[in-house]
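Spelled out, the chains give:
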Amino acid sequence: MAARKRASSATDSEKPSPAADQKPGKNAASGEDFRLSPPKSGVILVISTLLCLPYLYLLCFHYKVDNELRRSILINGGLSLAGFFVTLRMIPVAARYVLRRNMFGFDINKRGTPQGENKVPESLGIVVGIVFLIVAIIFQYFNFTEDSNWLVEYNAALASICLMILLGFVDDVLDVPWRVKLVLPSFAALPLLMAYAGHTTIVIPKPLVSYVGLEVLDLGWIYKLYMGLLAVFCTNSINIHAGLNGLEVGQTVVIAAAILIHNVMQIGASADTEYQQAHAFSIYLTQPLMATSLALLAFNWYPSAVFVGDTYTVFAGMTMAVVGILGHFSETLLIFFLPQKIQCTEASLTYSFNSSACWHCEMSSPSSPKV
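What you see is a predicted model; the values in this text were computed from it and never measured.

Student: Describe empty space enclosed by the protein, with residues and values.
Tutor: Per the counting criterion, the structure on display carries 3 cavities of 30 Å³ or more. Of the volumes computed, that of the second largest cavity is approximately 60 Å³. In terms of lining, the second largest cavity is formed by Met164, Leu167, Gly168, Asp171, Lys181, Leu184, Pro185, Asn236 and Val314. Contributing elements (two or more residues each) for the lining of the second largest cavity: helix 6 (151-174) and helix 8 (184-188). A per-class count over the lining of the second largest cavity returns 5 nonpolar, 2 polar and 2 charged.

Right under this line is the structure:
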């Protein structure tokens, strides 16, 4: 990410060797005397109000949602609110622990200022991921029975998200190369793809029906391949727009709010119970994601007191991929990721142009051998 610079091993090696052999005492490096800046509660209150009010209005007043379904959504919302306060309380605690392990960075956008010299705790997305999983697991007690058809897919979704949190934290600790990061989500998505029992069909646009000869086309395993690639894209896309305080978490909160509104609109416009349950399933995972992310945003908003790390970015991306796949609106999900798609295209074109320019310069250089 452009907005932070991790502490290098060379910096640590310059410290006196006796200190390295001792257990960390009460000093700045150990995090014992560290005091985290207070959360930006006013900013979060304004953001959450603007994003949540339209969703709550559609859910409670505008659409006639089944009472049992609305009850489950509100219970999930109450647990998510509890997760918000738990995350808000645990982030300062976790910040001290990661500082003890020298997991911190410097905000390079504030270089030359006193804030640019501050050690900012890294990888605080691990708190959001853990609280999210606890909230999602507790919610099973209130909504799913042992013979529920959705329980298998729900647990498979949590398995994929949990595996992605683990891999993201490993990345923060070991600094995994990008070529490996592109492969890791494929393995994390396997539990989800193996448990997926939904449709594998796509609706052909009406202007193309006369050419294809079908209104609905079953893609079979190709559709599952597409879902795996979608998980890879979403998992890495949150990290594409990074470099400014609060940008990674902010875009996640905005996309999560759009997903919630879309799901409520689909539930209210349909009379199909199975279709409504699929979109409610998506809400059950998106509400905890949004609530815990807002708590993290309170500390990550400018000037950032903590860094989220790749733990958060890959976790948030995988969660949104899961809700899009199991909510059966993966195509619509790509619309919500339109800024990331534009950035991906721009980066690909820039890389191709630079590669072509370098090849051209090398071939036209007088010192280069003629072919």
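What follows continues from the structure just given.
Student: Hey, could you go over the pattern of salt bridges for me, with residue numbers and the actual values?
Tutor: Side chains that carry opposite charge are capable of pairing whenever their charged atoms lie near each other. If you walk through the whole model with that rule in mind, you get 4 salt bridges. With a closest N to O distance of 3.3 Å, Lys181 and Asp310 form a salt bridge. Placement of the pair is Lys181 in helix 7 (residues 178-181) and Asp310 in helix 14 (residues 309-326), with a sequence separation of 129 residues. Given the relative accessible area of 12%, Lys181 is considered buried. Under the relative-accessibility criterion, Asp310 is labelled buried at 3%. Beyond isolated ion pairs, a larger network of salt bridges with shared partners links Asp171, Lys181 and Asp310.

Student: Run through the packing of helix 5 (residues 125-143) against helix 14, naming residues and quoting values.
Tutor: Helices that pack against each other are described as a pair by the angle of their axes relative to one another and the distance between those axes. Between helix 5 and helix 14, whose axes approach to 7 Å, the crossing angle comes to 35 degrees. Considering only the axes of helix 5 and helix 14, their crossing is left-handed. Contact with helix 5, carried on its side by Gly125, Ile126, Val128, Gly129 and Phe132, involves Thr311, Tyr312, Phe315 and Thr319 of helix 14 and no other residues of that element.

Student: Could you give an account of helix 4 (residues 67-100), naming the residues involved and the relevant values?
Tutor: In this model helix 4 runs 49 Å from its N-terminal to its C-terminal C-alpha over 34 residues, within 8% of the 50 Å that 1.5 Å per residue would give. Of all the bends in helix 4, the greatest, near 30 degrees, is centred on Met90, and the proline Pro92 appears no more than four residues after it. A distance of 3.2 Å separates the backbone nitrogen of Glu68 from a side-chain oxygen at the start of helix 4, and that oxygen is part of Asp66. Immediately beyond the C-terminal end of helix 4, within one or two residues, lies Asn102, with a positive phi of roughly 55 degrees.

Student: How would you summarise unusual backbone geometry if you had to cite specific residues and measurements?
Tutor: Note that the residue after Tyr302, namely Pro303, is joined by a cis bond; omega there is -10 degrees. Along the chain, Pro303 turns up in the loop between helix 13 (273-300) and helix 14. In the Ramachandran plot, Asn102 falls in the positive-phi region, its phi being about 55 degrees despite a non-glycine side chain. Turning to its location among the elements, Asn102 is positioned in the loop between helix 4 and strand 2 (104-106). With a phi close to 60 degrees, His328 is a non-glycine residue in the positive phi region. Within the secondary structure layout, His328 lies in the loop between helix 14 and helix 15 (330-336).

Student: Talk me through a nonpolar patch on the surface; I want residue IDs and the actual numbers.
Tutor: Residues Trp178, Leu182, Val183, Phe187, Leu190 and Met194 make up a contiguous nonpolar surface patch of about 630 Å² in total accessible area. Looking at Leu182, the relative accessible area reads 46%, which means it is partly exposed.

Student: A description of the packing of aromatic side chains should follow, citing residues and the corresponding values.
Tutor: If you walk through the whole model with that rule in mind, you get 11 aromatic pairs. On the basis of an interplanar angle of 35 degrees and a centroid distance of 5.2 Å, the ring pair of Trp150 and Phe281 is categorised as tilted. Linking Trp150 in the loop between helix 5 and helix 6 with Phe281 in helix 13, this pair joins segments that are 131 residues apart in sequence. Relative to Phe315, the ring of Tyr312 lies with its centre 6.1 Å away and its plane at 65 degrees, an arrangement referred to as edge-to-face. Placement of the pair is Tyr312 and Phe315 together in helix 14, with a separation of 3 residues, close to one helical turn. Classification of Tyr312 by relative accessible area gives buried; the value is 0%. Under the relative-accessibility criterion, Phe315 is labelled buried at 0%. Chaining the aromatic ring pairs together yields one cluster made of Phe132, Tyr312 and Phe315. Positioned above the aromatic ring of Tyr97, the side-chain terminus of Arg100 is 4.6 Å from the ring centre.

Student: I'd like a description of the environment of Ala231, backed by residues and values.
Tutor: Along the chain, Ala231 falls in helix 11 (residues 221-237). When the C-alpha atoms of Ala231 and Ala321 are compared, they prove to be 5.3 Å apart, with 90 residues separating the residues in sequence. Setting aside residues no more than four positions away along its own chain, Ala231 makes contact with Pro185, Ala189, Met318 and Ala321.

Student: Provide a residue-level description of the confidence of the model for the protein chain, including the pertinent values.
Tutor: Here the protein chain averages 82 in pLDDT, while 83% of its residues score no lower than 70. Considering only residues more than four positions removed or in separate chains, one finds that residues 9-29, a stretch of pLDDT under 50, has 13 contacts. Scored below 50 in pLDDT, residues 355-371 makes 3 contacts in the model with residues more than four places away or belonging to other chains.

Calculation criteria
Here the residue index of a chain counts from 1 through its sequence in written order. Local features in this predicted model are restricted to residues of pLDDT 70 or higher, and side-chain atom pairs are both shown and tallied only at a pLDDT of 80 or more, whereas totals for entire chains, interfaces and linings draw on every residue. As a rule here, side-chain values come from all non-hydrogen atoms in the structure, and water together with hydrogens is ignored. Using a grid of 1 Å spacing that covers the protein atoms alone, one calls a set of points a cavity when a 1.4 Å probe fits there but cannot get out, and a pocket when the set is open and has protein on both sides within 12 Å along at least five of seven lines; lining residues are those with an atom within 4 Å of a point. Grid points are joined across faces, edges and corners, and a volume is the space filled by probe spheres set on the points. The helix count covers DSSP runs of H or I at least four residues long, the strand count covers runs of E at least two residues long, and both are numbered beginning at the N terminus. Gly is put with the polar residues, along with every residue not named as nonpolar or charged; the nonpolar set is Ala, Val, Leu, Ile, Met, Phe, Trp, Tyr, Cys and Pro, and the charged set is Asp, Glu, Lys and Arg. Within this document, salt bridges are pairs made up of a side-chain nitrogen of Lys or Arg and a carboxyl oxygen of Asp or Glu, the two lying within 4 Å of each other. For every residue, the accessible area (1.4 Å probe, protein chains only) is compared with the maximum for its type, and the residue is labelled buried under 20%, exposed over 50%, or partly exposed between those bounds. Working convention: axes come from line fits to C-alpha atoms, limited for helices to the stretch in contact. Angles between N-to-C directions cover 0 to 180 degrees. Handedness of a helix crossing follows the sense of rotation of the near helix relative to the far helix, less than a right angle counterclockwise being left-handed and clockwise being right-handed. Contact between two residues is taken to exist if any of their heavy atoms lie within 4.5 Å; hydrogens are not considered. Here a helix's expected span is defined as the number of its residues, less one, multiplied by 1.5 Å. To get the bend at any residue, fit one axis to the seven residues that end at it and another to the seven that begin at it, then take the angle between the two axes. Pairing of N or O atoms within 3.5 Å defines a polar contact, subject to two protein rules: one partner must be a possible hydrogen donor and the other a possible acceptor, and residues neighboring in sequence count only if both atoms are side-chain atoms. Each patch is assembled from residues with relative accessible area greater than 30% and no salt bridge, linking like charges that lie within 9 Å and nonpolar side chains (Val, Leu, Ile, Met, Phe, Trp, Tyr) that lie within 5 Å. The Shrake-Rupley method, run with a 1.4 Å probe, gives the accessible areas here. Residue values count only the displayed protein chains as cover. Within 6.5 Å between ring centres, the rings of Phe, Tyr and Trp (the latter by its six-membered ring) count as paired, and their orientation is classed by plane angle as stacked under 30 degrees, edge-to-face over 60, tilted in between. Lysine and arginine charges are scored as sitting over a ring when NZ or CZ, respectively, is within 6 Å of the ring centre and within 35 degrees of the ring normal. pLDDT expresses how confident the predictor is about each individual residue, on a scale running from 0 to 100.

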